[in-house]
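# Secondary and tertiary structure notes
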Amino acid sequence: MVEKLPRKAYERELARLQGELVKLQEWVRAERQRLVVIFEGRDAAGKGSTIKRITQYLNPRVARIVALPKPDDRERGQWYFQRYVEQLPAAGEIVLMDRSWYNRAGVEWVMGFCSNDEHRRFLHQCPIFERLLVEDGVLLRKYWFSVGAEEQERRLRARLHDPVRRWKLSAVDLQSIEHWDDYSRAKDEMILYTDIPEAPWSIVDSDDKRRARLNMIAHLLGSIPYHEVPPPVIRVPDRPPPDGYRRPEKNPGSYVPDHTATL
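Residues numbered from 1 in each chain as written. Predicted model: local features only at pLDDT ≥ 70, side-chain atom pairs only at ≥ 80, totals over all residues. Heavy atoms only, no water.

In the nomenclature of an unreviewed UniProt entry, the protein is known as ADP/GDP-polyphosphate phosphotransferase of Amycolatopsis alkalitolerans. Per its UniProt entry, the protein bears the Function (unreviewed entry) comment "Uses inorganic polyphosphate (polyP) as a donor to convert GDP to GTP or ADP to ATP." (UniProt positions renumbered as here; feature names shortened; annotations may be inferred.)

Put into structure tokens, the structure is as follows:
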């Protein structure tokens, strides 16, 4: 079992990196950049928890999380990439994709949700699609979170008995244990076809979630030539003197009961 990074060191560096993420956000907004960050990996690899740490202090109007459900009947009749195109950022926006168009190369392929022809077509079209994005100025970053078999099983079993994380488990998630080798083959083939110079894959060792979060965030920041944007000068105005208005003894509406009084 991998040695975990001490919590104090983790929290100290995470706070520093989160401050840099705010600077990155302001640079993206000021320079009208478009940033897409793709998070892929096996179930329970730590993608979601990393995204939470990234967005913790960011403006949700600038940094948006995309986690699409399975396609409906209409979407299944579209060009495969079509519903993802609708989620791409406009100028001055960041999109973090918790799973992405790579579903077709992973769970859809392994679990039989797409045909052989659809899978082959994806592997052919995906590099073309991504080159078009990069050519148009989109900053595209792709991260694969790599977790070991024993650690994945431990995390999945822990979720099973955790009432606040039980919702994360699905039948497909649990089948990932049985299909470990199938997912390995699918991932290796996906990397072979889609690890292109214009949009390379970055592999994150995620057996220790703390190290994985810090390593991924630091790598993302180091891959983008952002700089600190001076904030606008803002002055808190002086409070004006009272104008004689007298408030009613009891404001309209009901106050929320003090739940803490029972603690």
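Having seen it, we continue.
The next point concerns the pairing of strand β3 (residues 93–98). Judged from the six bridges that link them, strand β1 (residues 34–41) and β3 form a sheet pairing that is parallel. In the sheet register, arginine 34 faces β3, and the bridge partner there is glutamate 93. Both strand β2 (residues 63–66) and β3 contribute to a ladder of four bridges, which runs parallel. Opposite valine 66, over in β3, you have methionine 97 as the bridge partner. (Pairing = 2+ DSSP bridges. Helix = DSSP H or I, 4+ residues; strand = E, 2+ residues; numbered from the N terminus.)

In this structure the tally under the stated criterion is 13 aromatic pairs. Centre to centre, the rings of phenylalanine 39 and phenylalanine 145 are 6.0 Å apart; their planes meet at 25°, and the pair counts as stacked. Placement of the pair is phenylalanine 39 in strand β1 and phenylalanine 145 in strand β4 (residues 139–146), with a sequence separation of 106 residues. Judged by relative accessible area, which is 0%, phenylalanine 145 ranks as buried. Judged by centre distance (5.0 Å) and plane angle (90°), the ring pair of tryptophan 101 and phenylalanine 129 falls under edge-to-face. Note that tryptophan 101 is positioned in the loop between β3 and α5 (107–110) and phenylalanine 129 in helix α6 (residues 116–135), a separation of 28 residues in sequence. Each member of the pair, tryptophan 101 as well as phenylalanine 129, carries the same accessibility label: buried. Three or more aromatic residues link up through ring pairs in this structure, and these residues are Trp79, Tyr80, Phe81, Tyr84, Trp101, Tyr102, Phe122, Phe129, Trp144 and Trp201. Between the NZ or CZ atom of arginine 42 and the centre of the ring of tryptophan 180, over which it lies, the distance is 3.5 Å. (Phe/Tyr/Trp six-rings, centres within 6.5 Å; stacked < 30°, edge-to-face > 60°. Buried < 20%, exposed > 50% of the residue type's maximum accessible area, 1.4 Å probe, protein only. Lys NZ or Arg CZ within 6 Å of the ring centre and 35° of its normal.)

Our focus in this paragraph is the environment of serine 115. Examined against the element boundaries, serine 115 turns out to sit in the loop between α5 and α6. With relative accessibility at 32%, the residue serine 115 sits in the partly exposed group. Here the alpha-carbon distance between serine 115 and aspartate 182, two residues 67 residues apart in the chain, equals 16 Å.

Right, let's talk about the pattern of salt bridges for a bit. All chains considered together, the criterion is met by 21 salt bridges. In this structure, glutamate 40 engages arginine 99 in a salt bridge whose closest nitrogen and oxygen atoms are separated by 3.6 Å. Of the two residues, glutamate 40 sits in strand β1 while arginine 99 sits in the loop between β3 and α5, which places them 59 residues apart along the sequence. Classification of glutamate 40 as buried rests on a relative accessible area of 2%. For arginine 99, a relative accessible area of 26% translates into the label partly exposed. What you see here is one network of salt bridges that share partners, running through Glu20, Lys23 and Glu228. (Salt bridge = Lys/Arg side-chain N within 4 Å of Asp/Glu carboxyl O.)

Right, let's get into unusual backbone geometry. The backbone phi angle of alanine 44 is positive, close to 70°, even though this residue is not glycine. Checked against the element boundaries, alanine 44 lands in the loop between β1 and α2 (47–55). For alanine 44, a relative accessible area of 5% gives the class buried. Backbone geometry places arginine 99, a non-glycine residue, at a positive phi of 75°.

Turning next to α2. Inspection of α2 places Lys47, Ser49, Thr50, Ile51, Ile54 and Thr55 among the buried residues, and these make up the whole buried set. Looking at the buried residues of α2, the elements they touch are α1 (7–31), β1, β2, β3, β4 and α10 (209–222). (Contact = heavy atoms within 4.5 Å.)

Before going further, it helps to examine the packing of α6 against helix α9 (residues 180–194). Where α6 contacts α9, the two axes come as close as 9 Å, and the packing angle between them is 40°. With respect to each other, α6 and α9 are oriented oblique. The handedness of the crossing between α6 and α9 is right-handed. Along its contact with α6, which presents His119, Leu123, Cys126, Pro127 and Glu130, the element α9 presents Glu189, Met190, Tyr193 and Thr194. Taken together, the residues that form the contact of α6 with α9 break down as five nonpolar, two polar and two charged. (Axes fitted to C-alpha atoms, helices over the stretch in contact; angles between N-to-C directions. Parallel < 35°, antiparallel > 145°, perpendicular 65-115°, else oblique. Left-handed = near helix turned anticlockwise from the far one by under 90°. Nonpolar A, V, L, I, M, F, W, Y, C, P; charged D, E, K, R; others polar.)

Let us look at the side chain of glutamine 152. By the secondary structure assignment, glutamine 152 is in helix α7 (residues 149–160). For glutamine 152, a relative accessible area of 2% gives the class buried. A polar contact of 3.1 Å, which involves the side chain of glutamine 152, links it to the backbone oxygen of aspartate 43. In this view, glutamine 152 contacts Arg42, Asp43, Ala44, Val147, Ser176, Ile177 and Trp180; residues no more than four positions away in its chain are not counted. (Polar contact = N/O pair within 3.5 Å; in protein donor to acceptor, adjacent residues only side chain to side chain.)

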